[in-house]
Amino acid sequence: MTEDDPIDEISEIEARIETLAEIAERCRKFILASKIAIGGGAALLLITILGLLGAGQVAVLGSIALVLGGIVSLGSNISTLRQTEAAISAAEMRRLALIGRIDLRLVADTPMKLM
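Residues numbered from 1 in each chain as written. Predicted model: local features only at pLDDT ≥ 70, side-chain atom pairs only at ≥ 80, totals over all residues. Heavy atoms only, no water.

J.: Tell me what's going on with the overall build of the protein chain, and back it up with residues and numbers.
T.: Counting its regular elements, the protein chain contains two helices and zero strands. Expressed as a percentage of its 115 residues, the buried residues of the protein chain come to 21%. Within the protein chain, contacts between residues separated by at least 24 positions form 79% of all contacts whose residues are at least 6 apart in sequence. On the protein chain, roughly 8600 Å² of surface is accessible, and the fraction owed to carbon and sulfur atoms is 65%. (Helix = DSSP H or I, 4+ residues; strand = E, 2+ residues; numbered from the N terminus. Buried < 20%, exposed > 50% of the residue type's maximum accessible area, 1.4 Å probe, protein only. Contact = heavy atoms within 4.5 Å. Areas by Shrake-Rupley, 256 points an atom, 1.4 Å probe, with all protein chains shown as cover.)

Structure, rendered in structure tokens:
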């Protein structure tokens, strides 16, 4: 194995970590949107039940759909976020192991150059 192989693999792992970080950030945004949908749907249902918006069946069904859709989306994205964070952690551990295998040389070992 040459010295470049671990370095190339480290670069590939870092690129993968960046991709996974983007996926995690996207999941966090969907989680926030899901929480907003659940809250909005619950508020709309409450307003409709109290009669402030009118007794429209469409509003009731829409609010229930928002709540249920938000719950499904929330659960899915939380699961994906956990898996992505586990993959990031595993990739970081692999990267650290590869860095530990590289035979680093101290800069002090090289002769000094005069300018």
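What follows picks up the thread again.
J.: How would you sum up the side chain of asparagine 77? Please name residues and give values.
T.: Residue placement: asparagine 77 occurs in helix H2 (residues 57-101). In this structure, asparagine 77 is in contact with Cys27, Phe30 and Ile31, ignoring residues within four places of it in sequence.

J.: Lay out the pattern of salt bridges in plain terms, naming residues and giving numbers.
T.: Scanning all chains against the criterion turns up four salt bridges. Several salt bridges share partner residues, and in doing so they unite Glu25, Arg28 and Glu85 into one network. (Salt bridge = Lys/Arg side-chain N within 4 Å of Asp/Glu carboxyl O.)

J.: Give a detailed account of the nonpolar core, specifying residues and quantitative values.
T.: Ranked by size, the top nonpolar core spans eight residues in total: Ile10, Ile13, Ile17, Leu20, Ile88, Ala91, Leu98 and Ile102. Of all the elements, helix H1 (residues 4-50) adds the most residues to this core, at four residues. Setting aside chain neighbours within four positions, we find isoleucine 10 in contact with Arg95, Leu98, Ile99 and Ile102. Counting residues in hydrophobic clusters, the runner-up holds five residues, among them Ala24, Cys27, Leu74 and Leu81. (Core = buried A, V, L, I, M, F, W, Y, C linked by side-chain atoms within 4.5 Å.)

J.: So what's going on with a nonpolar patch on the surface? Which residues, and what values?
T.: Among the surface-exposed residues, Leu46, Ile47, Leu50 and Leu52 lie close enough to one another that they form a single nonpolar patch of about 420 Å² accessible area. Turning to its location among the elements, leucine 50 is positioned in helix H1. (Patch = residues over 30% accessible without salt bridge, like charges linked within 9 Å, V, L, I, M, F, W, Y side chains within 5 Å.)

J.: Can you tell me about the environment of isoleucine 102, naming the residues and giving the values?
T.: Examined against the element boundaries, isoleucine 102 turns out to sit in the segment after H2. Look at isoleucine 102 and you get buried, because its relative accessible area is 16%. Distance in space between the C-alpha atoms of isoleucine 102 and isoleucine 7 is 8.3 Å, their sequence separation being 95 residues. In this view, isoleucine 102 contacts Pro6, Ile7 and Ile10; residues no more than four positions away in its chain are not counted.

J.: How would you explain H2 if you had to name every residue and give the values?
T.: Here H2 is 45 residues long and its end C-alpha atoms lie 66 Å apart, about the 66 Å a rise of 1.5 Å per residue gives. Listed in full, the buried residues belonging to H2 are Ala59, Ser63, Val67, Gly70, Leu74, Asn77, Leu81, Thr84, Ile88, Ala91 and Leu98. (Expected span 1.5 Å × (residues − 1).)

J.: Can you break down the environment of arginine 94 residue by residue, with the values?
T.: Topologically, arginine 94 is positioned in helix H2. In this structure the C-alpha to C-alpha distance between arginine 94 and glutamate 9, which are 85 residues apart in sequence, comes to 9.7 Å. Aside from chain neighbours lying at most four places away, what touches arginine 94 is Glu9, Ile13 and Arg101.

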